[in-house]
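An overview of the molecular structure
For reference, the chains in residue letters:
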Amino acid sequence: MDYDLDRFTSRRSTVRANRGLVATSQPLAAEAGVEILRNGGNAFDAAVATAAALNVVEPTSTGLGGDAFALYRTADGDVGAMRACGGAPAEATIDAVRDAVAGVDADERASYYPDGGGYAVDDVAEPDELEMPFLGPHAVTVPGTARGWEVTVEQLGRLSLHDVLQPAIEYATEGYPVSEVISYYWQGAESLFTDDNARDAYLFDGDAPDPGQTVTLDRLGESLERIATEGADVVYEGEIADAIASEIQDAGGFMTVDDLAAFEPEFLDPISTTYNGAEIFELPPNNQGMIALEALNIAEEIGAGEHDYGSPARVHAFAEAMKLAFVDGHHYVTDPDYEEIPPLDSKAYARERAQEIGERPIADPEIGVPNANAEDADTVLLTVGDAEGNLVSFINSRFAGFGSGLVAGETGIALQNRGASFSLDSSHPNSLEPGKRPFHTLVPAIARFDEDDWAAFGVMGGYMQPQGHVQVISNVVDYGMGLQEALDAPRWRVREDGSLAVEDRMSNAGALSRRGHDVRVLHPAMFGGAQIVRRRDDSLAGATEPRKDGQAQGF
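What you see is a predicted model, and the numbers here were worked out from it, not measured in a lab.

Criteria and thresholds
- Residues numbered from 1 in each chain as written.
- Predicted model: local features only at pLDDT ≥ 70, side-chain atom pairs only at ≥ 80, totals over all residues.
- Heavy atoms only, no water.
- 1 Å grid on protein atoms, 1.4 Å probe; cavity = no way out; pocket = protein on both sides within 12 Å on 5 of 7 lines; lining within 4 Å.
- Points joined across faces, edges and corners; volume = space filled by probe spheres on them.
- Helix = DSSP H or I, 4+ residues; strand = E, 2+ residues; numbered from the N terminus.
- Nonpolar A, V, L, I, M, F, W, Y, C, P; charged D, E, K, R; others polar.
- Buried < 20%, exposed > 50% of the residue type's maximum accessible area, 1.4 Å probe, protein only.
- Pairing = 2+ DSSP bridges.
- Axes fitted to C-alpha atoms, helices over the stretch in contact; angles between N-to-C directions.

Attention shifts here to the layout of surface pockets. In this structure, the largest pocket encloses a volume near 1100 Å³. Looking at the largest pocket, it is lined by 40 residues, and the ones nearest its centre are Phe 134, Leu 135, Leu 192, Ala 400 and Gly 401. With three residues, the top contributor of residues to the lining of the largest pocket is helix H8 (residues 180-188). In terms of residue class, the lining of the largest pocket is built from 18 nonpolar, 15 polar and seven charged.

And the structure:
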């Protein structure tokens, strides 16, 4: 079935509520979060309930086999972050991966790369010529989601993990109707499910579901029930851990139960900057939050937000700031336990970099994304606010769609391919090393607009994420847009090849081309998925992405 996924012409207003509000990319998941709020949970409980529900109702973009992050402001006024992101297996060295990939037949090597990796015939691979696989067992890093959920509820919530997982378990075991955008992406992933575990877990009579088709995910529901009953340790030290390790090893990978058992989430301090009077908080490396902050600093330095909104000068200025931030971030941002990262988010550095921006586009910027195959990867992001004043931006992903293509035994847990962001070049900051965490795209965010005016927000979608942060913040701060208007506005994005992509609703594409930009018009689905909840003077307001199936729901 063909879908016209750029139809979002219906009018939406900013949603307002007093007691609680959830904004995310699927209405049933938003309902799960609101249900938890109504039953006495706070924003953190609701965030985990919503994330777990999205694992079931939007399995095309998230799952237990991936990682999870949160940025939040508590009712007491503290701003904090949670990172649940695993690293490479202890045996996953550059040489070991190269030798393992080179040692399999050409057809299997080809299955590790979206373009086949050039192995269309039965040839011999030279190990030192290989790139990091995008799919398959060597792309899987330790999943952080289950322990991330658990620690969020235990440290910041009011309810038990058992309680907050119940809506997700109900959707998985009793069934739910698949929404339109999610059906589209599910059908696009059919070819990824090549083994019986994957096909049995996520296909129905061999096919992905149509819009409106009611499905159950029984195996995933059983795993969620086990986590609810036994705790997250079952994923890292129990039977689910055994299934994950066995699946990867049977496919030729290196992950062990010891790798899983060693994982622990972290609470850490966010990084921040100010932009035209607002303070923006992001996750520090290994995430790309520093890229968003550098771009905002450069944009402020050159007065990008002072241009008329409809002018090509505005888009040019912000896009050039974004290019420079990508060049720096993709060169330096990595696991800080392995490499020192310069202060790319400093105002002084922004003043230095801003001098490179002129009236014409920067020629041939060396943007160098960690993995070009993931440039348009997608994920889920949700935002929650409650009556007490807690605000949470929570993001949960396997990296690219259903991830690596591997599903762990009969658990229904599809395993991420986040390790595809590693490099097999030992001189690269993101080079593969045992235990190292890869460069991570996921960046939830918090904004402070005034003393009693805060927002949790984010824009999902691969390398669109920091670009979306910059545009949403500028729309609100520089141009005074309401929340839904700020998300509805047409977007641009800098591409890995230096071109400038725009939505066809953007009226100044021709003028940008005449300025020298290589302008590409892309489908609206390529411009991310934003969610935002704002708390101002004890009142909550929220908005959701019109390019998704989402909903902002309050009470």
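In terms of residue burial, strand E11 (residues 391-397) counts as a mostly covered element, since seven of its seven residues are buried. Side chains Leu 391, Ser 393, Ile 395 and Ser 397 project from E11 onto one buried face, and the interleaved Val 392, Phe 394 and Asn 396 project onto a second face that is buried too. When strand E3 (residues 67-73) meets E11, the two strands line up antiparallel, connected through seven bridges. What sits directly across from Asp 67, in E11, is Ser 397. Pairing geometry for strand E10 (residues 380-386) and E11, over six bridges, is antiparallel. Bridge pairing links Val 384 to Val 392 in E11. Between E10 and E11, which follow one another and run antiparallel, lie four residues, and Gly 389 among them has a positive phi close to 115 degrees.

Paired through backbone hydrogen bonds, the strands of a sheet run either parallel or antiparallel to each other. Overall, mixed pairing links the three strands, which are arranged E14-E15-E16 in an open sheet. Across the chains shown, the open sheet's two edge strands, defined by having one partner strand only, are strand E14 (492-494) and strand E16 (519-521). Across the sheet, the mean angle separating the axes of adjacent strands is 25 degrees when strand polarity is ignored. Where strand E15 (residues 500-502) lies against E16, three bridges are found, and the strand directions are parallel. Bridge assignment links Val 502 to a residue of E16, and that residue is Val 521.

With that settled, the discussion passes to the pairing of strand E9 (residues 278-282). On a regular strand, each side chain points to the face opposite its neighbour's, so the side chains alternate between the two faces of the sheet. Extensive coverage of E9 is indicated by the burial of five of its five residues. Residues Ala 278, Ile 280 and Glu 282 of E9 are buried on one face, and the alternating residues Glu 279 and Phe 281, pointing to the opposite face, are buried as well. As paired strands, strand E8 (residues 271-275) and E9 are joined by five bridges and run antiparallel to one another. Following the sheet pairing, Thr 273 is matched in E9 by Ile 280. Bridging between E9 and strand E12 (residues 445-450) involves three bridges; their strand directions are antiparallel. Looking at the pairing, Phe 281 lines up with Ile 446 of E12.

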